[in-house]
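# Residue-level structural notes
Letter by letter, the chains look like this.
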Amino acid sequence: VAAVAERDWQAILRLADLARRLRGRSAAAREGEAATARAAFDRAARALRREAGDPLVLKVYLPLVEAIAEGPLTLAQIGQSLDGRSATESGHSHFINGPGGLDHLHRLRALSDAVVVGAGTVAADDPRLTTRRVAGPSPVRVVLDPRRRLPRQRRVFDGTVPTLTLVADGDGRSLVHDPDALPVAPAPTGALPPAAILEALRRRGLNTVLIEGGSRTLSAFFAEGCIDRLHILVAPLLLGSGRPALALPVIERVEDGLRPQVAVHSLGTDTLFDCRFG
Ligand SMILES: NC(=O)c1ccc[n+]([C@@H]2O[C@H](COP(=O)([O-])OP(=O)(O)OC[C@H]3O[C@@H](n4cnc5c(N)ncnc54)[C@H](OP(=O)(O)O)[C@@H]3O)[C@@H](O)[C@H]2O)c1
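Residues numbered from 1 in each chain as written. Predicted model: local features only at pLDDT ≥ 70, side-chain atom pairs only at ≥ 80, totals over all residues. Heavy atoms only, no water.

### Section: the overall build of the chain
Defined as follows: Runs of H or I in DSSP of at least four residues are treated as helices and runs of E of at least two as strands, each being numbered from the N terminus. Throughout, radius of gyration means the C-alpha value; the globule benchmark is 2.2 Å times the number of residues raised to the power 0.38. It only takes one pair of heavy atoms within 4.5 Å for two residues to be counted as in contact. Only the protein chains shown count as cover for residues, with accessible areas throughout obtained via the Shrake-Rupley method and a probe of 1.4 Å. Positive charges are assigned to Lys and Arg, negative charges to Asp and Glu, while His and the chain termini are left out of the count. By convention, the point assigned to a charge is CZ for Arg, NZ for Lys, CD for Glu and CG for Asp.
Scanning the chain from N- to C-terminus turns up eight helices and 11 strands. Taken over C-alpha atoms, the radius of gyration comes to 19 Å for the chain, in line with the 19 Å a tight globule of 278 residues would show. With respect to the principal axes defined by its C-alpha atoms, the chain has extents near 50 × 45 × 40 Å. The long-range share in the chain, meaning contacts at least 24 apart out of those at least 6 apart in sequence, stands at 70%. A total accessible area of about 13,600 Å² is found for the chain, and carbon and sulfur atoms account for 53% of it. Between the centroid of the 36 positive side chains of the chain and the centroid of its 31 negative side chains there is a distance of 3 Å.

Listed below in structure tokens is the structure:
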């Protein structure tokens, strides 16, 4: 298991908290105040860089909190087999990843303001989307359920952590009966445009957003160029069939594929490919 020293993880959580506060300052906040907060963040980051020895802390979590301090950030994760599947054909995916991959996913949740999943994932997996494997706050849970097909008995609606449901604007039910429904104007296809989803979340102060899945949700954000970082968590497993982790519009030639900057890290039995775009 990719154990991260608790002391280092606590330092990352404190930095994430400082980064959120830094970002939360209104434009009207006095410049001096912002400079003090920035100096506190930089001091804490320097101390961690001196003291931590773990490459996951230094090369993955610290750069992430530094990016969080800079501005809105959209992360995505895929847990997949060696042959690029994120679920079997029937939609079974628990669990492709080992404990190291799952701990990492929970750490990403703890650093995020919101975690986004599609209705298909809630229907198939009934996830809680909390941080119960690691220390740190659970993010606001966001479900893309434009047609409001999910029953309220799903665990994501259990009230232990706030949950927002993204619905198509014009659905009168959402506005009248459900204060946790967040309406977004749909495209002519009926899909909710990913950029508009992110904008609606940012208006609620949710600036660091983790797109957790499934494949259709992630692919829609990806196709619109809305993902800043993608963490692919590869498990030593061959499924040989199943749902593709990512399904983007068809390209003709290899050179038309995306070539992000990639750093590779061990998560115990799983391997993390940390991909940066732009
Ligand atoms: N391995 C992993 O890391 C991982 C992570 C998460 C999930 N999964 C697996 O992935 C499978 C589910 O994935 P999936 O691709 O079938 O479904 P999904 O992405 O979870 O959900 C797709 C549905 O969400 C709604 N949706 C998503 N994006 C939307 C948008 N931009 N606008 C409007 N609606 C949007 C739509 O609901 P409507 O159909 O109601 O229109 C859409 O059909 C499950 O088997 C789960 O186990 C794997």
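So much for the structure itself; the text now carries on.
### A short note on the sheet that holds strand 6 (residues 181–184)
Filter applied, for reference: A pair of strands counts as paired when DSSP detects no fewer than two bridges linking them. For every element, the axis is a line fit to its C-alpha atoms; helices are fit only across the contacting stretch, and the angle between N-to-C directions ranges from 0 to 180 degrees.
Strand order in this open sheet of nine strands is 6-5-4-3-7-1-8-11-10, and the pairing throughout is mixed. Each end of this open sheet is capped by a strand with a single partner; those strands are strand 6 and strand 10 (261–267). In this sheet, neighbouring strand axes are inclined to one another by 25 degrees on average, regardless of whether the strands run parallel or antiparallel. Inspection of the sheet shows strand 1 (residues 73–80) paired to strand 8 (residues 229–234) by six bridges, in the parallel sense. Each residue of the ladder has a partner; that of Ala76, found in strand 8, is Leu230.

### Structural notes on the pattern of salt bridges
Test applied: Salt bridge criterion: a side-chain nitrogen from Lys or Arg within 4 Å of a carboxyl oxygen from Asp or Glu. With a 1.4 Å probe rolled over the protein chains alone, any residue whose accessible area is under 20% of its type maximum counts as buried; one over 50% counts as exposed, and the rest are partly exposed.
One pass over the full model with this rule turns up 12 salt bridges. For Arg7, the salt bridge goes to Asp8, with nearest N and O atoms at 3.4 Å. Exposure remark for Arg7: the relative accessible area of 56% places this residue in the exposed category. On the basis of relative accessibility, which here comes to 5%, the residue Asp8 falls in the buried class. Among the salt bridges present, the one from Arg49 reaches Glu66, with a minimum N-O distance of 2.5 Å. Of this pair, Arg49 sits in helix 2 (residues 31–51) while Glu66 sits in helix 3 (residues 55–70), placing them 17 residues apart in sequence. The class for Arg49 is partly exposed, based on a relative accessible area of 42%.

### Some details on the pairing of strand 4 (residues 140–144)
Rules: Viewed with both strands pointing away, a crossover whose connecting path from the first strand over the helix to the second turns clockwise is right-handed.
Of all five residues that make up strand 4, five are buried, and the element is covered over most of its length. Every second residue of strand 4 is oriented toward a common face, with Val140, Val142 and Leu144 on one face and Arg141 and Val143 on the other, all of them buried. In the classification by handedness, the crossover that spans strand 3 (residues 114–118), the intervening helix 5 (residues 119–125) and the parallel strand 4 is right-handed. Pairing between strand 4 and strand 5 (residues 163–168): four bridges, direction parallel. Within the sheet, the bridge partner assigned to Arg141 lies in strand 5 and is Thr163.

### Notes on helix 3
Heads up, the rule is: Working rule for helices: expected span equals 1.5 Å times residues minus one. To get the bend at any residue, fit one axis to the seven residues that end at it and another to the seven that begin at it, then take the angle between the two axes.
The terminal C-alpha atoms of helix 3, which comprises 16 residues, lie 22 Å apart, in line with the 22 Å expected from a rise of 1.5 Å per residue. The largest bend in helix 3 is about 30 degrees, located at Tyr61, with the proline Pro63 one to four residues further on.

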